[in-house]
Amino acid sequence: MRGSVGGWAAAALVCAGIAGAVAWGIWRTRPGVGVGDLAPAYEAVDLDGKPVALADFRGRPVLLNVWATWCGPCRVEMPSIQRLYEAYADRGLVVLAVSIDPPGAKREIREFAEELGLAFTILHDPLGRVSEVFRTRGVPETLVLDRAGRIVKRVSGAAEWDSPANRVLVEHLLGGD
């Protein structure tokens, strides 16, 4: 009797492994989130609970940053995002920083933003829907969208967002080239 239970358990593990591999393959090849693609529909709430939809900013370039308060590299790159925002906000650049911190973390998110002097829009997505929609793999991860909502740049990991190369990109997206 013991041998048959062990056999069933082994068979169940093999089936679960196959199902997981198939699901991973489907998820990994899902189209529509790479450079050149239109950004999918996405909505989250700001820190006051007001819904903010990515589609609301069609016609303006958007830097969409996925981050968390516990992420060291996020803390490192945020000042450069703020500097980029300060340089180009009056010309139309939108920055949406989506925190994937868990439910109940709004106080920590506000403190993080205040400590770093962040003036751009902070969204909270405690269920991490942004990660599913844009297929992000960690934090920070940033997407840059053109005026039509097309993804023109995607970066995993911290970056210096106010670097000369990124300023040239933003200038181009704003029509200043």
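Since the model is a prediction, treat every value here as computed from it, not as a measurement.

## Notes on the environment of Val-33
So, point 1. Take Val-33: it is sitting in the loop between α1 (2-28) and β1 (43-46).
So, point 2. Among the residues examined, Val-33 registers a relative accessible area of 7% and is labelled buried.
So, point 3. Residue contacts for Val-33: discarding those within four places in its chain leaves Pro-40, Val-133, Phe-134, Arg-135, Ile-151 and Arg-154.

## Thoughts on the pairing of strand β6 (residues 141-145)
So, point 1. By the criterion of burial, β6 is predominantly enclosed, with five of the five residues buried.
So, point 2. The alternating pattern of β6 places Glu-141, Leu-143 and Leu-145 and Thr-142 and Val-144 on opposite faces, both of which are buried.
So, point 3. Remark: five residues form the turn of the hairpin made by β6 and strand β7 (residues 151-156), two consecutive strands paired antiparallel; Gly-149 in that turn has positive phi of roughly 85°.

## Some thoughts on the sheet that holds β7
So, point 1. Strand order in the open sheet formed by seven strands is β2-β1-β5-β4-β3-β6-β7, and the pairing between neighbours is mixed. Edge positions in the sheet fall to β2 (51-53) and β7, since each of these pairs with one other strand and no more. Along the sheet, successive strands turn relative to each other by an average axial angle of 30°, direction set aside.
So, point 2. As paired strands, strand β4 (residues 94-99) and strand β5 (residues 121-124) are joined by four bridges and run parallel to one another.

Calculation criteria
Residues numbered from 1 in each chain as written. Predicted model: local features only at pLDDT ≥ 70, side-chain atom pairs only at ≥ 80, totals over all residues. Heavy atoms only, no water. Helix = DSSP H or I, 4+ residues; strand = E, 2+ residues; numbered from the N terminus. Buried < 20%, exposed > 50% of the residue type's maximum accessible area, 1.4 Å probe, protein only. Contact = heavy atoms within 4.5 Å. Pairing = 2+ DSSP bridges. Axes fitted to C-alpha atoms, helices over the stretch in contact; angles between N-to-C directions.

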